[in-house]
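# Architecture at a glance
This is what each chain is made of:
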Amino acid sequence: MLRFLADKEYHYSFNDCIIATGSKVSKPGIPGIDLPVVMDSTAALSLEKLPQSITIVGGGVIGLEFAFMYANLGVKVTIVEFLDHLISCVDCDIADSILKIAEDRGIKNRT
Ligand SMILES: Cc1cc2nc3c(=O)[nH]c(=O)nc-3n(C[C@H](O)[C@H](O)[C@H](O)COP(=O)(O)OP(=O)(O)OC[C@H]3O[C@@H](n4cnc5c(N)ncnc54)[C@H](O)[C@@H]3O)c2cc1C
């Protein structure tokens, strides 16, 4: 039996159950991570005013997705990545093409 608490209380009976309630944001142990200027992806998608510039920590697929999104909106973007190249999960030729486009859009890359 499962108790689901909202404004009411529900009782469900089942033999088997899959919990698929999603995940929480995980904060890496980077100094300054709790400063008010640091956003997670949810906050970065909810900004009411565009910043002049933004630094994105992590040059994987989602980091680049945010980089292109903000650059296309006219924000100066810098990506910081601790590996020696961005989007290491994709084929080198594809990564090089994407990075060339990023460079053309003015996205700065600090690896
Ligand atoms: C910025 C960003 C970009 C992404 N881009 C991609 C992408 O391009 N491709 C890709 O494959 N994935 C992407 N992902 C990941 C993808 O969004 C998640 O992996 C996926 O949404 C996880 O699905 P889920 O069903 O586990 O959780 P969710 O989609 O979070 O669904 C969980 C559901 O459970 C509900 N719930 C929570 N608590 C309770 C409760 N107590 N009782 C009942 N219901 C509850 C929630 O309201 C929600 O509807 C991205 C994620 C982020 C943050």
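For the structure, see preceding data.
Only a predicted model underlies this, so the values are computations on that prediction, with no experimental measurement involved.

### Some points on helix α3 (residues 92–104)
- For α3, spanning 13 residues, the distance from its first C-alpha to its last is 18 Å, which sits close to the expected 18 Å at 1.5 Å a residue.
- Here α3 has its buried residues at Ala95, Leu99 and Ala102. Down the axis, α3 shows its buried residues gathered within 55 degrees of arc, on one side only. For α3, the exposed residues set more than 90 degrees away from the buried face come down to Asp93, Asp96 and Asp104.
- Residues of α3 that are buried make contact with α2 (61–72).

### Overview of unusual backbone geometry
- Here the phi dihedral of Ile87 falls at roughly 30 degrees; this positive angle occurs in a residue that is not glycine.
- Within the secondary structure, Ile87 sits in the loop between β4 (76–80) and α3.

### Here we look at the sheet that holds strand β5 (residues 108–110)
- Pairing is parallel across the open sheet formed by three strands, whose spatial order is β3-β4-β5. Unpaired on one side and paired on the other, β3 (53–57) and β5 mark the two borders of the sheet. Ignoring which end each strand starts from, the neighbouring axes of this sheet average 20 degrees apart.
- Where β3 and β4 come together, five bridges link them in parallel fashion. Note on β4: the bridge partner recorded for Ile56 is Ile79.
- The sheet contacts of α2 involve β3 and β4, and relative to β4 the element is tilted by about 165 degrees.

Thresholds, definitions, all that
- Residues numbered from 1 in each chain as written.
- Predicted model: local features only at pLDDT ≥ 70, side-chain atom pairs only at ≥ 80, totals over all residues.
- Heavy atoms only, no water.
- Helix = DSSP H or I, 4+ residues; strand = E, 2+ residues; numbered from the N terminus.
- Expected span 1.5 Å × (residues − 1).
- Buried < 20%, exposed > 50% of the residue type's maximum accessible area, 1.4 Å probe, protein only.
- Arc of directions from axis to C-beta.
- Contact = heavy atoms within 4.5 Å.
- Pairing = 2+ DSSP bridges.
- Axes fitted to C-alpha atoms, helices over the stretch in contact; angles between N-to-C directions.

Everything listed here is a matter of geometry and, on its own, says nothing about what the molecule does.
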